2 protein chains.
Amino acid sequence: IENQQDATLAAMLAEVHYADVAEIINELDEDSATYLIKLIDSEKTSDTLTELDEDVREAILGNLSAKEIAGELDELDTDDAADIIGELPKEMVQEVISELEDREHAKDIVDLLRYDENSAGGLMAKELVKVNENWNVLTCVKEMRAQAENVTRVHSIYVIDDEGKLKGRLSLKDLLTTSTKTHISEVYIPKVDAVNVNEKPEEVARIMSKYDLEAIPVVDEIGRLVGRITIDDIVDVIKEEAEKDYQLAAGISQDVEADDSIWDLTRARLPWLFLGLLGGVGAAAIMGGFETMMSQYGVLFFFTPLIAAMAGNVGVQSSAIMVQGLANDDLKGSITGRLIKEMLLALLNGVVLASILLFFTWIWKGSFLTSLAISISLVSVTVVAGIIGTFIPLFLHKRGIDPAIATGPFITTSNDIFGILIYFSIAKVILGI
Amino acid sequence: IENQQDATLAAMLAEVHYADVAEIINELDEDSATYLIKLIDSEKTSDTLTELDEDVREAILGNLSAKEIAGELDELDTDDAADIIGELPKEMVQEVISELEDREHAKDIVDLLRYDENSAGGLMAKELVKVNENWNVLTCVKEMRAQAENVTRVHSIYVIDDEGKLKGRLSLKDLLTTSTKTHISEVYIPKVDAVNVNEKPEEVARIMSKYDLEAIPVVDEIGRLVGRITIDDIVDVIKEEAEKDYQLAAGISQDVEADDSIWDLTRARLPWLFLGLLGGVGAAAIMGGFETMMSQYGVLFFFTPLIAAMAGNVGVQSSAIMVQGLANDDLKGSITGRLIKEMLLALLNGVVLASILLFFTWIWKGSFLTSLAISISLVSVTVVAGIIGTFIPLFLHKRGIDPAIATGPFITTSNDIFGILIYFSIAKVILGI
């Protein structure tokens, strides 16, 4: 493909959506990627850049001059442009900004750079359509047409007062269905949801998805309209949030992808495995304390992986349900009630499983008492595991820590240790050693 | 609260957003909930109903007459109305539909009921703004105003031909910025993304989020425009999808919430725990085969939970990364390359962890050879676990099965068994028994 003529390639790429172009470029090596990026016509280049994987984009931008980068940023919405500038090396930032042709655009981008990436301010774009409450409809429509040129999707028209404070909105539907002779202050809807610039992205996502909003205005500390967040950015937030929780549950602590380097992947995984190692060493040490039982009741030691696995699985199940309940904010009732419910649930599951195990061990080893000891221990372990799995997420949540961290290796490890300890202690009592 | 006067309560509820009203009602018992629902004014009632938890809604609808339900459905968009009707008992459906006052609306709802819930047809709404390519702008604007009355959010204006086939779209922005004297066939954008009615919701979600779409038209088998899916429905699909994957990873097989009954929760959890039980029993049986080693090398048995936990954790980490990579469709390179990478990664992690363990065991038990045997086994187990964790999701994906089912108990269980087997086999060879 690389040896074909530029014109043919350019014509082919012109037919393809920029998200697909980005997918193709992600697969190429740095030189070919830069070559292709320069080939695409400018408006598409900038959109393609925003869709690229971060490391690929960094490599490509490294091969472009400040002037070339600025040319692409001029085509982008302020939020995407600010995101890209945020990734550039410090010495490039100043240069790129000074090369931006559209000075109004440059001002907006610089404004956005000031906000924390992990806040509503870091998500919002400056592009929006706003009208003054004191305007009449004629001025309003004229202004709106001018503003709409810069806005990819209009959604709502926001109404502000002379100080720039958000007063309400005009819906596009009203615009289509109302006569054009009405005054703004008479027709605007004074009720409008808005978020503060300092709000967390997850909270913005929760609000927008709860109220089915497609765009939400962002206001500063004194209520002035400073930007707007659209649902497509929120879809990304929701997906990232879900991926983070999923990875945490699997014991992967950083935002990594299958294609990251072995080193990055190791850093994300090793700490959790080390936690597991500690748990295993703890379990081994506990068993060392019961070593004397080995000669007569060696069979007890055969079931330690089973006990540990059960304790882990029950704990993870309980905590996963709690983590989701907390995230969706739909837990009802008291904590005590919840603990009792999880206990009953674990008891029910435990008794069913222990009965099966009792039957199997009895047939296998012929000793009813040993089998009974193992089974009763299993029931106790599942109940305790269920309680720990319920309690830890609640505890973390109360302390303001993301409970998602609890599911996975953390619960598994603590339940391994507790499980083995309970198992041998109860077995010891029942077998009368 | 329940003993206050109706008027006070009604006034209070009138101030609150329907999503918040729904949250309040979810907390109440059936009688109070029905009482409140009847108190709210009608337009809000219908919106509130769509936001309620499914079981609460069912209970409330059970207390309403077919005429009352039909009254609420008349206020709703076709997709929400069809969803609610789909939940009603069969004998009620006919009655409610015949009570619907708006016959056009009723026809649309009946149309929607025919589609599989788990398809684009089941997600779409009939409300949209469409214009014929042969109209002039004057007719077009007049028709659009009439149509817009029924559509909550306009998004795009779709252009169809005389047979109803989707030809393209008119953007709202064009409407604001173009002179009103142009002809439709001259101004419409012939490129428009659309999905087939039979497309899976996850695929629709993938397309809409990849191309940052806020609404997508749905066409039937011969290309006729039959409906429209908006991004708020897709946000729900994405969230449900993420919750399902998270629960599967935690060993919960059905869509349950923390507040579901103990019976529902048991059915969702017990099968996975049973799988874990089988794994544990398998591991115990394997250890039974190595029973003769117990007298001399009892310490080996102390580390079985550690080996099982490591095998499980490494497997879950590898599979989680694969599951996400497959879901996001961003895996590059060959399967062999991927397996080699996971093997190297597991080897690196395994060597680090085994070195720590070697040191600990040596100090604790004083036997270097036994410690070395345990550590070498641990490395082998992590490598095999990494390979299994990578391979199983790939295998399931190739066979058309959702790989998310692999992470969690499935991987943990198989890795427990393999881990213990490998551990004792290698230890046996090294210790020369």
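Model, not experiment: these values are computed from the prediction.

Asks: Can you lay out the domain arrangement of chain A for me, pointing to particular residues and giving the numbers?
Replies: Along its sequence, chain A is organised into domain 1 (6-117), domain 2 (129-230) and domain 3 (262-431). Its C-alpha centre places domain 1 of chain A at a distance of 50 Å from the equivalent point of domain 3 of chain A.

Asks: Please provide a residue-by-residue account of the sheet that holds strand E1 (residues 129-132) of chain A, values included.
Replies: All names here are of chain A. With respect to topology, three strands assemble into an open sheet ordered E1-E2-E3, the strand pairing being mixed. Of all the strands in the sheet, just E1 and strand E3 (166-170) have a single pairing partner and so form its edges. Going from strand to strand, the sheet's axes swing by 35° on average, the running direction of each strand aside. Of the pairings in the sheet, the one linking strand E2 (residues 157-160) to E3 comprises four bridges and is antiparallel in character. In the strand pairing of E3, Tyr158 is matched with Arg169. Here helix H11 (residues 137-148) sits on the sheet in contact with E1, E2 and E3, set at roughly 155° to E1.

Asks: Explain the interface of chain B and chain A residue by residue, including any values.
Replies: The interface of chain B with chain A comprises 110 residues on the first partner and 110 residues on the second. Taken together, chain B and chain A are joined by six salt bridges. Put simply, A:Glu23 and B:Lys210 hold a salt bridge, and the shortest N to O gap is 3.2 Å. Connecting chain B to chain A are 17 residue pairs in polar contact (both at pLDDT 80 or more). Of the residues forming the side of chain B that touches chain A, the biggest block, 17 residues, is contributed by helix H16 (residues 262-289) of chain B. Of the residues belonging to the side of chain B that touches chain A, the class tally is 58 nonpolar, 22 polar and 30 charged.

Asks: I'd like a description of the relation of the copies chain B and chain A, backed by residues and values.
Replies: If you rotate chain B by 180° and push it 0.0 Å along the axis, it lands on chain A with an RMSD of 0.0 Å. Those values place the two copies in the arrangement expected of a two-fold rotation axis. When each C-alpha of chain B is compared by its distance to the rotation axis, B:Pro305 comes out closest, at 2.3 Å. The share of interface residues of chain B whose copies in chain A are also at the interface is 100%, consistent with both copies meeting through the same surface.

Asks: If you had to explain a nonpolar patch on the surface to someone new, which residues and values would you point to?
Replies: On the surface, A:Phe274, A:Leu278, B:Leu348, B:Val352 and B:Ile356 cluster together into a nonpolar patch covering about 380 Å² of accessible area. Counting residues per element, the ones that place at least two in the nonpolar patch are helix H16 (262-289) of chain A together with helix H20 (335-365) of chain B. No other element matches H20(B), which puts three residues into the nonpolar patch. Tracing the chain through its elements places B:Val352 in helix H20.

Asks: Would you mind going over the confidence of the model for chain A in detail, with residue names and values included?
Replies: Interpretation of the predicted coordinates at a detailed level should be avoided for regions scoring low in pLDDT. Confidence in the prediction of chain A, expressed as mean pLDDT, is 83, and 95% of residues score 70 or more. For chain A, per-element mean pLDDT is lowest for helix H12 (residues 172-177) of chain A, which scores 63, and highest for strand E4 (residues 195-196) of chain A, which scores 92.

Asks: Any details on the environment of A:Ala19? Residues and values, ideally.
Replies: Mapped onto the secondary structure, A:Ala19 falls in helix H2 (residues 18-27). A:Ala19 gets classed as buried once you look at its relative accessible area, which sits at 5%. The spatial distance from the C-alpha of A:Ala19 to the C-alpha of A:Asp108 is 25 Å, given a sequence separation of 89 residues. The residues contacting A:Ala19, other than those within four sequence positions of it, are A:Glu51, B:Lys210 and B:Tyr211.

Asks: Account for helix H6 (residues 66-75) of chain B, naming residues and giving values.
Replies: Residues and elements named next belong to chain B. Residues of H6 that are buried: Ala66, Ile69, Ala70, Glu72 and Leu73. Here the buried residues of H6 occupy an arc of 160° about the axis, which is enough to place them on one side. Looking at the buried residues of H6, the elements they touch are helix H4 (42-51), helix H5 (54-62), helix H7 (78-87), helix H8 (90-99) and helix H9 (103-113).

Criteria and cut-off values
Residues numbered from 1 in each chain as written. Chains lettered and ligands numbered in written order. Predicted model: local features only at pLDDT ≥ 70, side-chain atom pairs only at ≥ 80, totals over all residues. Heavy atoms only, no water. Domains from an automatic or database assignment. Pairing = 2+ DSSP bridges. Helix = DSSP H or I, 4+ residues; strand = E, 2+ residues; numbered from the N terminus. Axes fitted to C-alpha atoms, helices over the stretch in contact; angles between N-to-C directions. Contact = heavy atoms within 4.5 Å. Salt bridge = Lys/Arg side-chain N within 4 Å of Asp/Glu carboxyl O. Polar contact = N/O pair within 3.5 Å; in protein donor to acceptor, adjacent residues only side chain to side chain. Nonpolar A, V, L, I, M, F, W, Y, C, P; charged D, E, K, R; others polar. Least-squares fit on C-alpha atoms with pLDDT ≥ 70 in both. Patch = residues over 30% accessible without salt bridge, like charges linked within 9 Å, V, L, I, M, F, W, Y side chains within 5 Å. Areas by Shrake-Rupley, 256 points an atom, 1.4 Å probe, with all protein chains shown as cover. pLDDT = per-residue confidence, 0-100. Buried < 20%, exposed > 50% of the residue type's maximum accessible area, 1.4 Å probe, protein only. Arc of directions from axis to C-beta.

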